[in-house]
Amino acid sequence: MTRKRNALLLLLAPISLILGIFFLIPLGIVVVYSFLEPGLYGGVEWTWYPYNYGRILGWPLNDYEEFDPIYLAIFATSLKYAFLTVLFSLLICYPAAFWVSRRSARWKGFVLFLITLPFFTSLLIRIYAWLLLLRPTGFINAGLEYLSLISQPLDLLFSGFAVVLGMVYIFTPFMFLPIYANVEKLDYSLIRASQDLGANPAQTFFRIILPLTAPGMIAGSIIVFIPALGNFIVPAFLGGAKVQMTGNLIERSFLQSRDWPFGSALALLIMASVVLVLMVQTIRAGRKQAGDAA
Amino acid sequence: MKRSLVRVLASAAAIAVCGQMAAAEGKLNLYNWGDYINPELIDAFGKEFGVEVTLDTYSTNEEMLARIQAGASGYDLVWPSVHMHDIMQQLGLLQPAHPNQMPGWENIDPAALRSKEDPNGDYCLPYAWGAVGIFYNKKLIPEVKGWTDFFAYAKANPGKITMLDDLRETLGVGLIMTGASVNSRDPDEISRAEEYISEQVPNIGAFRYDVIALVTAGDIAAGHYYVGAVLNALQDPENLGFVIPEEGATMYQEDICLLANAPNVDNAKLFMQFMLRPENAAKNAERLTNGTVNLAAIELLPENLRTNPSINPTPEVRAKLQIFDDLGKDLRLYTKAWDRIKTN
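Quick look at the structure, then.

Calculation rules
- In this numbering scheme, every chain counts its residues from 1 along its sequence in written order.
- Lettering for chains starts from A, numbering for ligands starts from 1, and both go in the order in which the items are written.
- This being a predicted model, a pLDDT of at least 70 is required before a residue's local features are given, and a value of 80 or more before pairs of side-chain atoms are given or counted; all residues contribute to the totals for chains, interfaces and linings.
- Only DSSP runs of H or I reaching four residues or more are called helices, and only runs of E reaching two or more are called strands; each is numbered from the N terminus.
- Every radius of gyration here is taken over C-alpha atoms, with the globule rule written as 2.2 Å times N^0.38, N being the number of residues.
- For the exposure call, what matters is how many other C-beta atoms sit within 10 Å of a residue's own: 20 or more marks it buried, 12 or fewer exposed, and in between partly exposed, using C-beta atoms placed from the backbone.
- Any pair of residues counts as being in contact when their C-beta atoms, constructed from backbone geometry, are within 7 Å of one another.
- Amino acids are sorted into nonpolar (Ala, Val, Leu, Ile, Met, Phe, Trp, Tyr, Cys and Pro), charged (Asp, Glu, Lys and Arg) and polar (every other residue, Gly among them).
- Fitting axes to the seven residues that end at a residue and to the seven that start at it, the angle between those axes gives the bend at that residue.
- A strand pair is defined by DSSP finding two or more bridges across the two strands.
- A fitted line through C-alpha atoms serves as each axis, taken over the contacting stretch for helices, and the angle formed by two N-to-C directions is quoted from 0 to 180°.
- Handedness of a helix crossing follows the sense of rotation of the near helix relative to the far helix, less than a right angle counterclockwise being left-handed and clockwise being right-handed.

**Structural notes on the overall build of chain B**
Thought 1: On a plain count of helices and strands, chain B comes out with 15 helices and 11 strands.
Thought 2: For 344 residues, the compact-globule formula gives about 20 Å, and the C-alpha radius of gyration of chain B, at 20 Å, lands near that figure.
Thought 3: With respect to the three principal axes, the spread of C-alpha positions in chain B is 60 × 45 × 35 Å.
Thought 4: Expressed as a percentage of the 344 residues in chain B, the buried residues total 51%.
Thought 5: Intrachain contacts of chain B at a sequence separation of at least 6 include 76% that bridge at least 24 residues.

Okay, here's the thing in structure tokens:
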């Protein structure tokens, strides 16, 4: 028994060390920094300073400031774009997963290869490619003009549209893979059974297919939502830095504004909302398991 | 405060330029902005003195400071902007290299001794300077004299201009246009500047550093940009132009500074002497299309650079250029204003 336990400890040691050193300790530093006073040139002063959180909520820091919840507004923008990203990638991936799951094994392998293909290229280069596609003299506008569908270039770049497009593009594979894994295992005899028992297509979909594929959709949505919420590259490049998400604010706090504690507090705000989403999901999954068992 | 192509790309890039010598006598490790030195000079220095030179790059002063403060050792020379030179000297991160006792110092423009901490040049060697102005595409906007033209064009053609994604630079334009100093610490002046820029925001296409390609292709008509764009304007003078706005503009200057913990002090001083040679200063200015602080080098510049009003401006234009001071804690006034500008 003890030998088994020792072996288990030995097996868990590497991952525990990695998580401890590269995740928990940095996280602890972020938490501590968020309660300290910003240093004059970056870094922190070791003085207790709880106002960073008040500032996020909009409380004025000094006499000439007024109550102004702009940081919450920016956070709301981030939530909006993250939700839109989840929604559109879901709409794209869900039908696509069904289509792929019905192909032959060779086709499936090929499609999965295509979906993971973008990871072979740097993210920045792929975002830059979108800039070239969307700009006024870019391929999309030039193509539409060539086909005489438009007379003036469309303002595609540097907009909320471009930001959602870019994020959907980046995160689609993360949505696709969990949904696909789920759809692939779908038991078609259940669908046939519901049809035999007289269910119409809508009933079959909502009462059989949707509940059975929900875990994949939820997993995909969470995996997409988390990085989308904190993303800063896409709004900076494709949003022209006019679309501002919390990620951009964090980046600016650490560099241009030299306010590490405020950046840390914002980072924890994002993390807290992610943890909240995960907790809700865990509780729901736990309830469902309990329900299934009963 | 940057001139390199893509901020994130540049900060990730670390270019190692090694001398040809297999058995180099020594090393010299440079930490400079991306694309901010003529690579030929690094090669030439390495060959002449048998020194193996490495070059790492950064894209903001803060990034460099953070790395040096975090104890990045091994670097000998850094290129801080003047206000960052002051900060680093105060923090004890620099050591005096005494460029003012080196041969060729007499060529350095006394006006380039802008550092408040180092008024005599005991620590750092002034390197290069430049104005921040407007780079424009003449096919879309035939002439731009200043910010008034720039914003008037944007009002008629929303989305066709960009400004720098830099809170000091862009709020600086607001301060210039509302008649205040770009180093104002007065909340009312800053809030007027904020209001001025906020009014323009609906017409501004993007806040970006990387606009050369967009202006050149005509995706946008004009962009708030550094004087380095003169390089592009000179390649295609029919279509492209750069102007220092007549209402006034900001300027930057970087100095070459010797780090307190530099491992190769002697080679670093040799490099400063090398950069003091007028022909090298000229070669560098030619590549960067920057203003040079070496008065003897101006004579050596090609005609089209020497007579370029953006690179070698008249005293009247120079008088309207303002350089940033470090604001310390008062930077907060700008941060909040900038956050609000971006949120509207």
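On we go from here.
**Topic: the interface of chain B and chain A**
Thought 1: Of the residues lining the interface, 31 residues belong to chain B; the matching set on chain A comes to 24 residues.
Thought 2: Looking at the side of chain B that touches chain A, the element that brings in the most residues is helix 15 (residues 331-343) of chain B, giving 7 residues.
Thought 3: When the residues that make up the side of chain B that touches chain A are grouped by side-chain class, the tally is 12 nonpolar, 8 polar and 11 charged.

**Some words on helix 1 (residues 2-33) of chain A**
Thought 1: The largest bend in helix 1 of chain A amounts to roughly 40° and is located at Ala-13 of chain A, with the proline Pro-14 of chain A lying one to four residues further along.
Thought 2: The element helix 1 of chain A is barely covered by neighbouring structure, given that only 1 of its 32 residues are classed as buried.

**A few points about unusual backbone geometry**
All names here are of chain B.
Thought 1: The residue Asp-35 is not glycine, and still its phi comes out positive at about 50°.
Thought 2: Phi is positive for Thr-289, which is not a glycine, with a value near 40°.
Thought 3: Its location among the elements puts Thr-289 in the loop between helix 11 (278-288) and strand 10 (291-292).

**Concerning the pairing of strand 2 (residues 44-48) of chain A**
If a strand is regular, its side chains alternate between the two faces of the sheet.
All names here are of chain A.
Thought 1: Burial analysis of strand 2 places just 0 of its 5 residues in the buried class, a small minority of the element.
Thought 2: In this sheet, strand 2 lies alongside strand 1 (residues 36-38) in antiparallel orientation, the contact comprising 3 bridges. For Leu-36, the partnering residue across the bridge sits in strand 2 and is Trp-48.
Thought 3: Between strand 1 and strand 2, which pair antiparallel in sequence order, lie 5 residues; one of them, Gly-42, sits at a positive phi of approximately 85°.

**Let's talk about the packing of helix 3 (residues 70-101) of chain A against helix 9 (residues 201-230) of chain A**
All names here are of chain A.
Thought 1: In the contact formed by helix 3 and helix 9, the axes pass within 9 Å of each other and the chain directions differ by 140°. Here helix 3 runs over helix 9; the crossing is right-handed. Between helix 3 and helix 9, the residues in contact are Ser-78, Leu-79, Tyr-81, Ala-82, Thr-85, Val-86, Ser-89, Leu-90, Cys-93 and Tyr-94 and Met-217, Gly-220, Ser-221, Val-224, Phe-225, Ala-228 and Leu-229, respectively.
Thought 2: In terms of residue class, the contact of helix 3 with helix 9 is built from 12 nonpolar, 5 polar and no charged.

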